[in-house]
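Topology and contacts: notes
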2 protein chains.
Amino acid sequence: MNQVARQPRRVVADKITLAHGGGGKAMRDLIEDVFTSVFCPPGMEDQARLMDAAITVPGARLAFTTDSFVVSPMEFPGGDIGKIAVCGTVNDLAVGGAMPLWLSAAFIIEEGVDIATLRRIAASMQKAAKEAGVSIVTGDTKVVGKGSGDGVFITTSGVGVIAPDRNLLAQTVQPGDVAIVNGVLGDHGAAILAARGDMALDTEIPSDCQPLNQLMEAVLAAAPDTRVARDATRGGLASALNEIADAAGVGIEIGEELLPLRIEVKGVCEILGLDPLYLANEGTLVVFVPEDQANAALAAMQTCEAGRDAVIIGKATKQHPRTVVMKTVFGGLRIVDMLVGEQLPRIC
Amino acid sequence: MNQVARQPRRVVADKITLAHGGGGKAMRDLIEDVFTSVFCPPGMEDQARLMDAAITVPGARLAFTTDSFVVSPMEFPGGDIGKIAVCGTVNDLAVGGAMPLWLSAAFIIEEGVDIATLRRIAASMQKAAKEAGVSIVTGDTKVVGKGSGDGVFITTSGVGVIAPDRNLLAQTVQPGDVAIVNGVLGDHGAAILAARGDMALDTEIPSDCQPLNQLMEAVLAAAPDTRVARDATRGGLASALNEIADAAGVGIEIGEELLPLRIEVKGVCEILGLDPLYLANEGTLVVFVPEDQANAALAAMQTCEAGRDAVIIGKATKQHPRTVVMKTVFGGLRIVDMLVGEQLPRIC
């Protein structure tokens with residue numbers, strides 16, 4: 001009901017207590033002070049009420065997605081759980097060809113969390129939302145006792161609109177289609193690993209966490225017959241490629257020497273025996289485009305900040321359907337299977 | 001991509017492991033076996049793609065809401081965390097006058113949770129969704145290590161559509177407007193309290209957890225000038241009334257002898273010194289309607305299963321603005337303030 005930012009009011013405590021989740025004054029003050037004063041939602045009813053002209057275009061569809069974020073640690077080089085919660089959901093909308101419009105944000109907070117930490121997270125979310133051009137319009141706060149959670153878990157959901165002519169689907173990928181990634185692989189996974197102190201590194205690896213919707217718009221403008229896009233989050237590029245190969249019934253062939261890898265990430269993987277193809281990304285996508293639009297798509301990506309390091313990494317094939325293979329630097333072929341689990345838990 | 005229910009596949013483990021959250025085969029199998037085989041979402045892309053004719057009606061607006069659910073225990077008389085997660089979000093849409101259409105469901109699961117428990121929760125969600133006439137169209141699964149969560153946390157978000165002529169707002173409540181609740185108060189809070197074993201009760205109190213969208217439609221058809229509705233969840237009826245009084249700048253007067261209370265809940269409250277006005281409900285709402293539409297609204301409620309016990313509990317007043325008072329059975333007046341916290345943590 002109040003469209004302008006409120007003056008922050010003083011929350012009495014410095015740390016979250018169970019009372020902050022109880023639905024009373026303490027909760028209302030916390031929400032107003034820490035969240036709505038930053039996000040400035042369009043109302044304070046139990047639900048946001050929204051409309052956008054793009055939705056009413058005949059043939060347009062809504063895109064709706066959700067993700068929970070439990071990344072540990074909550075703050076790391078290049079981002080934090082708030083930035084990742086916004087970018088992750090924006091990107092899930094974007095890879096479907098949707099224009100992201102609105103986000104919800106639900107917080108499950110462990111008793112004892114510093115309110116100053118929540119403020120940093122909220123500020124980071126708002127910054128990422130602004131960068132992506134979306135609004136955080138509704139939310140929720142729950143508190144669990146010490147030891148029943150771990151810091152802050154955030155679930156964001158997103159609503160966007162898909163223009164009438166767009167129908168990106170993994171099933172439409174055909175032999176000959178070209179696979180392009182927008183930048184270096186595995187930075188997010190390596191950043192989290194480093195931030196956990198599991199490695200003693202001289203160089204700080206920042207997460208690649210970033211919104212990809214503007215990049216996707218550029219690709220779709222340049223390559224209107226783009227078949228499909230996937231953000232290569234948990235499970236890394238390998239999982240994204242396997243899902244596409246599986247759905248389309250095609251083979252996929254990538255070249256090891258084509259894969260863009262930061263030298264530090266390569267080093268980390270070699271030392272620890274990790275495979276960068278399976279490392280999580282939070283700002284990296286792979287698109288499949290018809291061969292005759294590949295150069296246009298690549299050039300369009302490279303004009304975007306998020307696609308500066310874009311490269312072609314391989315193509316879909318008629319051979320070995322539903323299987324992803326990599327031509328190694330030694331000239332051999334290696335099957336890139338899906339992992340059963342993940343190399344690292346709580347990566348996002 | 002597969003519109004029909006899949007044959008359940010065997011998940012190798014009986015309990016959730018960290019691998020089930022890793023983005024690989026284990027996660028995909030879990031999601032297909034436990035969740036999508038039950039929810040049957042309209043696609044398996046990173047986002048659901050949706051449209052409904054009601055959205056394109058000129059003047060219609062989307063309603064968008066989210067809630068996290070952390071109720072403990074996860075299963076209790078009258079419901080479970082899955083049912084509550086569906087009903088809670090459906091009801092947040094309904095009280096805004098929206099027709100609920102689609103839900104998302106994001107699960108944060110603690111390592112070691114029985115997969116059989118997840119199956120029961122998923123079945124319960126689907127049953128509640130069917131009853132409410134909504135579809136669970138997209139979701140997410142994360143796993144946290146033992147001791148970093150507590151069983152299952154579920155975040156549901158919901159999208160619905162508000163017909164053009166509807167604008168329920170707490171600010172529109174005027175002195176003289178009549179307050180009606182649809183049924184007995186405090187059942188959910190008392191049910192959770194009992195399920196925790198904090199009390200030794202002969203009678204089982206079931207939670208009131210239920211979808212309220214059909215009830216809301218009946219009220220709005222009978223009383224088209226309904227001012228506002230609120231579901232009286234965390235913080236109970238007292239918090240809902242205080243929020244309305246605050247937003248509208250009116251006083252609210254309720255009668256203690258008018259409040260519908262189950263005899264068992266009354267007893268529990270008397271023994272434990274709890275106030276049923278602050279006990280959480282999960283299927284109870286309060287509406288404010290103009291005096292001349294009150295009887296119509298009441299009658300409409302009583303024709304619905306969820307409104308069988310509906311009663312008028314009080315009215316908005318010019319006196320004592322922003323304050324809720326209750327006429328006690330002894331003829332006195334008691335201020336019904338907002339609590340700072342909650343009487344019971346993790347109630348929903």
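For the structure, see preceding data.
Predicted model only: the values in this text are computed from it and were never measured.

Side note on the pattern of salt bridges
The tally for this structure, following the rule as stated, stands at 36 salt bridges over all chains. Glu 45 of chain A is the partner of Arg 49 of chain A in a salt bridge, and the nearest nitrogen-oxygen pair spans 4.0 Å. Residue Glu 45 of chain A is classed as buried on the basis of its relative accessible area, which comes to 15%. Between Asp 140 of chain A and Lys 142 of chain A there is a salt bridge whose closest N-O contact spans 2.8 Å. Neither Asp 140 of chain A nor Lys 142 of chain A differs from the other in exposure class; each is buried. One continuous salt-bridge network, built from bridges that share partners, spans Glu 45 and Arg 49 of chain A together with Arg 230 and Glu 243 of chain B.

Overview of helix H5 (residues 213-222) of chain A
Every buried residue belonging to H5 of chain A is among Asn 213, Leu 215, Met 216, Ala 218, Val 219 and Leu 220 of chain A, and all of these are buried. At its buried positions, H5 of chain A is contacted by helix H2 (81-94), strand E5 (98-110), helix H3 (115-132), strand E9 (228-231), strand E11 (285-289) and helix H8 (294-302) of chain A.

Quick word on the sheet that holds strand E1 (residues 48-50) of chain A
Reading across the sheet, the five strands line up as E1(A)-E2(B)-E7(B)-E5(B)-E6(B) and stay open at both edges, with mixed pairing between neighbours. If you trace the sheet from one side to the other, it starts and ends with E1 of chain A together with strand E6 (135-144) of chain B, each paired once. Each adjacent strand pair in this sheet contributes to an overall mean axis angle of 20°, direction not counted. Both E1 of chain A and strand E2 (residues 61-69) of chain B contribute to a ladder of three bridges, which runs antiparallel. Note that in E2 of chain B the partner of Ala 48 of chain A across the bridge is Phe 64 of chain B. Its contacts with the sheet place helix H1 (residues 25-39) of chain B against strand E5 (98-110) and E6 of chain B, and it is angled at close to 150° to E6 of chain B. On top of the sheet, helix H3 (residues 115-132) of chain B reaches E5, E6 and strand E7 (152-162) of chain B; it is set at about 15° to E7 of chain B, its chief contact.

What about the packing of H1 of chain B against H3 of chain B?
All names here are of chain B. Two elements in contact, H1 and H3, have axes whose closest approach is 9 Å; the angle formed by their N-to-C orientations is 20°. Classified by the angle between their axes, H1 and H3 sit roughly parallel to one another. Our pair here, H1 against H3, has a crossing hand that is right-handed. From H1, Leu 30, Asp 33, Val 34, Phe 35, Val 38 and Phe 39 reach across to H3, where they touch Ile 115, Leu 118, Arg 119, Ala 122, Ala 123, Met 125 and Gln 126. Taken together, the residues that form the contact of H1 with H3 break down as 10 nonpolar, one polar and two charged.

A short note on the side chain of Asp 187 of chain A
Residue and element names in this part refer to chain A. On the secondary structure map, Asp 187 appears in helix H4 (residues 187-195). A polar contact is formed between the side chain of Asp 187 and the side chain of Arg 262, at a distance of 2.5 Å. Look past the residues within four positions of Asp 187 in its chain and what remains in contact with it is Ile 205, Pro 206, Ser 207, Asp 208, Arg 262, Val 265, Ala 280 and Asn 281.

Quick notes on unusual backbone geometry
Residue and element names in this part refer to chain A. Omega for the peptide link from Ser 72 to Pro 73 comes to 5°, which places this bond in the cis form. Tracing the sequence through the fold places Pro 73 in the loop between strand E2 (61-69) and strand E3 (75-76). The residue His 320 is not glycine, and still its phi comes out positive at about 35°. For His 320, the location among the structural elements is in the loop between strand E12 (311-317) and strand E13 (324-327).

Some details on the packing of aromatic side chains
Two descriptors summarise a pair of aromatic rings, namely the distance from one centre to the other and the angle between the planes of the rings. Residue and element names in this part refer to chain A. Tallied over the full model, the rule gives five aromatic pairs over all chains. Consider the rings of Phe 35 and Phe 39, whose centres lie 6.1 Å apart with planes at 25°: the pair is stacked. With Phe 35 and Phe 39 both in helix H1 (residues 25-39), this residue pair falls four residues apart, about one helical turn. The residues Phe 35 and Phe 39 share a single accessibility class, namely buried. Look at Phe 35 and Phe 107: their rings are 4.2 Å apart centre to centre, the planes differ by 25°, and that puts the pair in the stacked class. With Phe 35 in helix H1 and Phe 107 in strand E5, this residue pair connects regions lying 72 residues apart in the sequence. Judged by its relative accessible area of 4%, Phe 35 is buried. Given a relative accessible area of 2%, Phe 107 falls into the buried group.

Points about the nonpolar core
Formed by 47 residues in total, the largest nonpolar core has its most connected members in Phe 107, Leu 118, Met 125 and Val 152 of chain B. For this core, the secondary structure elements donating two or more residues are H1, helix H2 (81-94), E5, H3, E6, E7, helix H4 (187-195) and helix H7 (263-272) of chain B. Ranked by the residues each element gives to this core, the list is headed by H3 of chain B, at eight residues. Two domains each provide a minimum of three residues to this core, namely domain 1 (18-162) and domain 2 (170-335) of chain B. Those residues within four positions of Leu 118 of chain B in sequence are excluded, and the remaining contacts are Ile 16, Leu 30, Val 34, Phe 35, Ile 109, Val 113 and Val 152 of chain B. Listed in part, the 46 residues of the second largest apolar core include Leu 30, Cys 87, Val 152 and Ala 280 of chain A.

Observations concerning helix H6 (residues 236-248) of chain B
Residue and element names in this part refer to chain B. Its 13 residues place the ends of H6 19 Å apart at the C-alpha level, agreeing with the 18 Å of an ideal helix rising 1.5 Å per residue. Of all 13 residues in H6, 10 are buried, a share of seventy percent or more. For H6, the set of buried residues is Gly 236, Leu 237, Ala 238, Ser 239, Ala 240, Leu 241, Asn 242, Ile 244, Ala 245 and Ala 248. Where H6 is buried, its residues contact strand E8 (178-181), strand E9 (228-231), strand E10 (251-255), strand E11 (285-289), strand E12 (311-317) and strand E13 (324-327).

Re the interface of chain A and chain B
Between chain A and chain B, the contact holds 80 residues from the first and 81 residues from the second. In total, about 6,300 Å² of surface goes out of reach between chain A and chain B, with carbon and sulfur atoms giving 56% of it. In terms of surface lost to chain B, no three residues of chain A exceed Arg 49, Phe 64 and Arg 234 of chain A, which account for 13% of the buried area on that side. Connecting chain A to chain B are 10 salt bridges.

Here we look at the sheet that holds E5 of chain A
Strand-to-strand pairing in sheets goes through backbone hydrogen bonds, with the strands running parallel or antiparallel. Judged by pairing direction, the sheet is mixed, and its five strands sit side by side in the order E6(A)-E5(A)-E7(A)-E2(A)-E1(B) without closing on themselves. Only two strands of the sheet have a single neighbouring strand rather than two, namely strand E6 (135-144) of chain A together with strand E1 (48-50) of chain B. Strand-to-strand twist across the sheet, computed as the mean angle between neighbouring axes with direction ignored, equals 20°. Lying on the sheet, H3 of chain A is in contact with E5, E6 and strand E7 (152-162) of chain A; it crosses E7 of chain A at an angle near 15°.

The rules we used
Per-chain numbering applies: the sequence of each chain, read as written, is numbered from 1 onward. Following the order in which they are written, the chains are lettered starting with A and the ligands numbered starting with 1. Predicted model: local features are reported for residues with pLDDT of at least 70 only, side-chain atom pairs are reported and counted for 80 or more only, and whole-chain, interface and lining totals are derived from all residues. Excluding hydrogens and water, the side-chain figures rest on all heavy atoms present in the structure. A side-chain nitrogen of Lys or Arg and a carboxyl oxygen of Asp or Glu constitute a salt bridge if their distance falls within 4 Å. The cut-offs for exposure are 20% and 50% of the maximum accessible area for each residue type, with area from a 1.4 Å probe on protein chains only; residues under the lower value are buried, those over the upper are exposed, and the others partly exposed. Helical segments are the DSSP runs of H or I of at least four residues, strand segments are the runs of E of at least two, and each set is numbered from the N terminus. Should any heavy atoms of two residues lie within 4.5 Å, those residues are counted as being in contact. Here, strands pair whenever DSSP counts at least two bridges between them. For helices, the fitted axis covers only the stretch in contact; all axes are lines through C-alpha atoms, and the angles between them, taken along N-to-C directions, range from 0 to 180 degrees. Just so you know how the angles are binned, under 35 degrees is roughly parallel, over 145 roughly antiparallel, 65 to 115 roughly perpendicular, and the rest oblique. Here is the rule for handedness: rotate from the far helix to the near one, and if that takes an anticlockwise turn smaller than a right angle the crossing is left-handed, while a clockwise turn gives right-handed. Put simply, Ala, Val, Leu, Ile, Met, Phe, Trp, Tyr, Cys and Pro go in the nonpolar bin, Asp, Glu, Lys and Arg in the charged bin, and everything else, Gly too, in the polar bin. Polar contacts here mean pairs of N or O atoms no more than 3.5 Å apart (in protein, one a potential hydrogen donor and the other a potential acceptor; neighbouring residues in sequence count only if both atoms are side-chain atoms). When the centres of two rings from Phe, Tyr and Trp lie within 6.5 Å, Trp using its six-membered ring, the rings pair. Their planes under 30 degrees apart give stacked, over 60 give edge-to-face, and anything left gives tilted. To define a nonpolar core, start from buried Ala, Val, Leu, Ile, Met, Phe, Trp, Tyr and Cys residues and group those joined through side-chain atoms within 4.5 Å. Residue ranges for the domains trace back to a domain assignment, done automatically or taken from a database. What a helix should span is 1.5 Å times the count of its residues minus one. Two parts placed together each lose some accessible area under a 1.4 Å probe, and the buried area is that loss summed for both.

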